[in-house]
Amino acid sequence: MIWKPNVTVAAVIEQNGKYLLVEEDQQELGMQLNQPAGHLEPNESIIQASIRETLEETAYTFIPQWLIGIYQWHSRAADTTFLRFALSGIVTSFDPNRTLDTGILRAAWFDLDEIHQRRNCHRSPLVMQCIEDYLAGKRYPLEILIHYE
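For clarity, every value in this text was computed on a predicted model and none was experimentally measured.

About the cut-offs
Residues numbered from 1 in each chain as written. Predicted model: local features only at pLDDT ≥ 70, side-chain atom pairs only at ≥ 80, totals over all residues. Heavy atoms only, no water. Helix = DSSP H or I, 4+ residues; strand = E, 2+ residues; numbered from the N terminus. Rg over C-alpha atoms; globule rule 2.2 N^0.38 Å. Buried < 20%, exposed > 50% of the residue type's maximum accessible area, 1.4 Å probe, protein only. Contact = heavy atoms within 4.5 Å. Areas by Shrake-Rupley, 256 points an atom, 1.4 Å probe, with all protein chains shown as cover. Lys, Arg positive; Asp, Glu negative; His and termini not counted. Charge placed at Lys NZ, Arg CZ, Asp CG, Glu CD. Salt bridge = Lys/Arg side-chain N within 4 Å of Asp/Glu carboxyl O. Expected span 1.5 Å × (residues − 1).

**Regarding the overall build of the protein chain**
Turning to step 1, where the next piece is worked out: Looking only at helices and strands, the protein chain features three helices and eight strands.
Turning to step 2, where the next piece is worked out: Traced from its N-terminal end to its C-terminal end, the protein chain shows the element sequence β-β-β-β-α-β-β-β-α-α-β.
Turning to step 3, where the next piece is worked out: The globule rule puts the C-alpha radius of gyration for 149 residues at 15 Å, and the 15 Å found for the protein chain is close to it.
Turning to step 4, where the next piece is worked out: Overall, the protein chain is about 40 × 35 × 35 Å in size when its C-alpha atoms are taken along their principal axes.
Turning to step 5, where the next piece is worked out: Out of the 149 residues belonging to the protein chain, those deemed buried represent 44%.
Turning to step 6, where the next piece is worked out: Pairs at least 24 residues apart make up 70% of the contacts formed inside the protein chain by residues separated by at least 6 positions.
Turning to step 7, where the next piece is worked out: Working note: accessible area of the protein chain is about 8600 Å², and carbon and sulfur atoms make up 50% of it.
Turning to step 8, where the next piece is worked out: Each charge class in the protein chain was averaged separately, 12 positive and 20 negative side chains, and the resulting centres sit 4 Å apart.

Below, the structure written as structure tokens:
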């Protein structure tokens with residue numbers, strides 16, 4: 001058996017000092033807070049995945065502008081390694097009639113104090129790390145993400 005990490009994407013979206021996050025129902029862990037995020041699907045680029053996941057989990061249309069970073073994290077609880085590509089950008093529209101992905105309780109805007117206060121329910125340490133890197137001004141051009149069909 002060949003070991004492979006789980007490749008995921010996450011969208012760090014800030015608007016007027018607030019961040020778009022989702023509350024997820026993780027059966028065994030209860031409610032958890034995360035960026036709009038999910039797994040890369042077959043034949044999908046990192047950029048396409050971030051747009052799709054954000055729409056599916058928040059009903060917002062996401063336009064990625066920058067790569068914030070690439071993060072490797074091993075979840076001891078799941079004995080799984082994740083390779084996360086975090087992108088930042090803007091949202092342009094919202095569809096209030098769209099049904100959110102199964103397991104998503106709601107999408108909402110949180111300020112930094114609220115995010116810090118709820119740190120004990122973050123889905124992973126990457127939630128805060130991605131925001132901190134965004135605040136530190138980490139921005140890499142999307143052109144470094146090459147996708148071959």
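After that view of the structure, there is still more to cover.
**As for the environment of P125**
Turning to step 1, where the next piece is worked out: With respect to the secondary-structure elements, P125 resides in the loop between α2 (112-117) and α3 (126-135).
Turning to step 2, where the next piece is worked out: Each C-alpha atom, one on P125 and one on W73, is 8.5 Å from the other, the two residues being 52 residues apart in sequence.

**Some thoughts on the pattern of salt bridges**
Turning to step 1, where the next piece is worked out: Tallying each qualifying case throughout the model produces nine salt bridges.
Turning to step 2, where the next piece is worked out: Residues E53 and R52 are paired through a salt bridge, measuring 2.9 Å at the closest nitrogen-oxygen approach.
Turning to step 3, where the next piece is worked out: Residue E53 is classed as buried on the basis of its relative accessible area of 7%.
Turning to step 4, where the next piece is worked out: What makes R52 buried here is its relative accessible area of 15%.
Turning to step 5, where the next piece is worked out: Salt bridges sharing common partners tie together E41, E44, R52, E53 and E56.

**Concerning α3**
Turning to step 1, where the next piece is worked out: Buried residues dominate α3, accounting for seven of its ten residues.
Turning to step 2, where the next piece is worked out: Of all the positions in α3, only L126, V127, M128, C130, I131, D133 and Y134 are classed as buried.
Turning to step 3, where the next piece is worked out: Where α3 is buried, its residues contact β1 (6-15), β2 (18-26), β3 (30-34), β5 (60-75), β6 (80-94) and α2.
Turning to step 4, where the next piece is worked out: The first or second residue beyond α3 is G137, which carries a positive phi of 85 degrees.

**Quick word on the side chain of H122**
Turning to step 1, where the next piece is worked out: Locating H122 in the fold gives a position in the loop between α2 and α3.
Turning to step 2, where the next piece is worked out: Here H122 falls in the buried class, since its relative accessible area comes to 9%.
Turning to step 3, where the next piece is worked out: With residues up to four places along the chain from it excluded, the contact list for H122 reads Q32, L33, I115, V127 and M128.

**Here's the deal with helix α1 (residues 46-58)**
Turning to step 1, where the next piece is worked out: If you check α1, its first and last C-alpha atoms are 18 Å apart, about what 13 residues at 1.5 Å a residue would give, namely 18 Å.
Turning to step 2, where the next piece is worked out: Contacts from the buried residues of α1 go to β1, β2, β4 (37-39), β5, β6 and β7 (104-111).
Turning to step 3, where the next piece is worked out: With its phi angle positive at about 70 degrees, A59 sits one or two positions after the end of α1.

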